[in-house]
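Coordinate analysis (summary)
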Amino acid sequence: MERYEEIEKSLKKKYRSSIWCRFTSGINEYQLVKEGDKIAVCISGGKDSMLMAKLFQELKKHNKFEFELVFLVMDPGYNPINREMIKNNLKLLNIEATVFESQIFDSVADIEKSPCYLCARMRRGHLYHHAKELGCNKIALGHHYDDVIETILMGMLYGGQIQTMMPKLKSSNFENMELIRPMYLIREEAIISWKLHNDLQFIQCACRFTENCMISDNEGGASKRQEMKTLLKKFRQTSPYIESNIFKSVENVNLNTIISYKQDGVKHHFLDRFND
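Predicted model only: the values in this text are computed from it and were never measured.

Attention now goes to the overall build of the protein chain. When helices and strands are tallied, the protein chain shows 10 helices and eight strands. With 276 residues in all, the protein chain has 44% of them scored as buried. Total accessible area computed for the protein chain in this model is approximately 15700 Å², and 50% of it derives from carbon and sulfur atoms.

A few words on the environment of Q57. By secondary structure assignment, the location of Q57 is in helix α3 (residues 47-61). Q57 gets classed as buried once you look at its relative accessible area, which sits at 16%. On a C-alpha basis, the gap between Q57 and I95 in space is 8.5 Å, while along the polypeptide they are 38 residues apart. Those residues in contact with Q57 that sit more than four places away from it in its chain are E8, L69, F71, L93, N94 and I95. One polar contact links the side chain of Q57 to the main-chain carbonyl oxygen of N94, over a distance of 2.9 Å.

The final tally for this structure, using the stated rule, is 18 salt bridges. In this structure, E8 and K54 form a salt bridge, with 2.8 Å as the shortest nitrogen-oxygen distance. With E8 in helix α1 (residues 3-12) and K54 in helix α3, the pair connects residues that are 46 residues apart, well separated along the chain. When its relative accessible area of 9% is taken as the criterion, E8 is described as buried. Through salt bridges that share partners, K47, D48, D147, E150, E188, R225 and K229 make up one connected network.

Now for the nonpolar core. Nonpolar side chains in soluble globular proteins tend to be buried together. One finds I19, L55, F56, I139 and W194 to be the most contacted residues of the largest nonpolar core, which totals 70 residues. Considering every element that reaches this core, the biggest residue donor is α3, with seven residues.

Residues in a regular strand project their side chains so that they alternate between the two faces of the sheet. Relative to strand β8 (residues 266-269), strand β7 (residues 260-263) runs antiparallel, the two being bridged by four bridges. Residue pairing in the sheet places Y261 in a bridge with H268 of β8. Linking β7 back to β8 in an antiparallel pair, the connection comprises two residues, with D264 at a positive phi of about 55°.

Turning next to the state of the cysteines. Evaluation of the coordinates by the stated rule reveals zero disulfides. Note on C136: no disulfide assigned, nearest cysteine sulfur contributed by C42 at a separation of 8.4 Å.

Moving on, we come to the sheet that holds strand β1 (residues 38-43). Taken in spatial order, the six strands line up as β3-β2-β1-β4-β6-β5 in an open sheet, and their pairing is mixed. Only two strands of the sheet have a single neighbouring strand rather than two, namely β3 (98-101) and β5 (168-170). The mean inter-strand angle of the sheet, taken between neighbouring strand axes irrespective of direction, is 25°. Both strand β2 (residues 68-75) and β3 contribute to a ladder of four bridges, which runs parallel.

As a further point, take the side chain of K38. Relative to the elements of secondary structure, K38 occurs in strand β1. Here K38 sits buried without a salt bridge, and the closest side chain of opposite charge, E68, lies 4.2 Å off (N-O distance). If near-sequence neighbours (up to four positions away) are discounted, K38 is found in contact with E68, V70, L134, G135, C136, N137 and K138.

To continue, consider helix α7 (residues 145-159). If you check α7, its first and last C-alpha atoms are 20 Å apart, about what 15 residues at 1.5 Å a residue would give, namely 21 Å. With 11 of 15 residues buried, α7 is to be regarded as a mostly interior element. Listed as buried for α7 are Y145, D146, D147, V148, I149, E150, T151, I152, L153, M154 and G155. In the core, the buried residues of α7 are packed alongside α8 (188-197), α9 (224-238) and α10 (242-249).

For the rest of this paragraph, the subject is the packing of helix α2 (residues 16-29) against α3. If you want to describe how two helices pack, look at the angle between their axes and the distance between the axes. Put simply, α2 and α3 touch, their axes get as near as 11 Å, and they point 75° apart. Accordingly, the angle class assigned to the pair α2 and α3 is roughly perpendicular. On α3, the residues touching I19, W20, F23, T24 and I27 of α2 are L51, L55, F56, E58 and L59. Looking at side-chain class alone, the contact of α2 with α3 contains eight nonpolar, one polar and one charged residues.

Where α2 bends most, the angle comes to about 25°, and this point is R22. Among all positions of α2, only I19, W20, F23, T24, G26 and I27 are buried.

This part takes up unusual backbone geometry. Although it is not a glycine, N176 sits at a positive phi angle of roughly 65°. Topologically, N176 is positioned in the loop between β5 and β6 (178-180). We note that D264 has phi near 55°; this positive angle belongs to a residue other than glycine. Relative to the helices and strands, D264 is located in the loop between β7 and β8. Classification of D264 by relative accessible area gives exposed; the value is 79%.

Rules behind the numbers
Residues numbered from 1 in each chain as written. Predicted model: local features only at pLDDT ≥ 70, side-chain atom pairs only at ≥ 80, totals over all residues. Heavy atoms only, no water. Helix = DSSP H or I, 4+ residues; strand = E, 2+ residues; numbered from the N terminus. Buried < 20%, exposed > 50% of the residue type's maximum accessible area, 1.4 Å probe, protein only. Areas by Shrake-Rupley, 256 points an atom, 1.4 Å probe, with all protein chains shown as cover. Contact = heavy atoms within 4.5 Å. Polar contact = N/O pair within 3.5 Å; in protein donor to acceptor, adjacent residues only side chain to side chain. Salt bridge = Lys/Arg side-chain N within 4 Å of Asp/Glu carboxyl O. Core = buried A, V, L, I, M, F, W, Y, C linked by side-chain atoms within 4.5 Å. Pairing = 2+ DSSP bridges. Disulfide = S-S within 2.5 Å. Axes fitted to C-alpha atoms, helices over the stretch in contact; angles between N-to-C directions. Lys, Arg positive; Asp, Glu negative; His and termini not counted. Expected span 1.5 Å × (residues − 1). Parallel < 35°, antiparallel > 145°, perpendicular 65-115°, else oblique. Nonpolar A, V, L, I, M, F, W, Y, C, P; charged D, E, K, R; others polar. Bend = angle between axes of the 7 residues up to and from the residue.

Following this line, the structure appears as structure tokens:
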């Protein structure tokens, strides 16, 4: 049996419940894949996007309707070691990908304020543009369950707002394009377990700030997201339900108990309807 076949088998057997079923549940619950779609599966080289690519390969084998996949890798300026690691992992996992280059890392290297935010926005723009050139109507990113709850916490603690990372979005800059997050219900611990079980190594971010860090699983760095991971770890020691409650909180918003909220850029205050 080829190595990639063993890795695929682990998704069907050992990780069927924790990864595969959560992947298909997210796709079905949020209606992420539809007949006639052409989806650019965006691979950064990290564990999340590489796993997402394998899951989409498996989904394609069992699809109930026709859709197309394009596996897309953008090189925003990786050093040779990281680029080679991505190429080797694509070969190991039996993924044929379209690779294109940009110089985003050079563009944000000297930015002092929010370089990671700017880098993410620029990378997404390049992915949309290239995917559209290839005839795709959707791009798929590898954000997972833990990313969602970390985003909710960061918004509350540092942004003074309640918002979440949506399972799908319509692009405001690229007509008829959507962003989907099919890993939305998969826990990061399951992804790490899958990686370790199959003895796989992936790059992390590999930008100018972290390119010397070759270990994934997001263990390094002093970012706000890492701070949220540490906080959630403490919460987990108090109660195993806190993380799922944070996730569910944005599904159970009671507008009758909200002081104000925004919809389509318009702010609504409870006093506006208090005397109705």
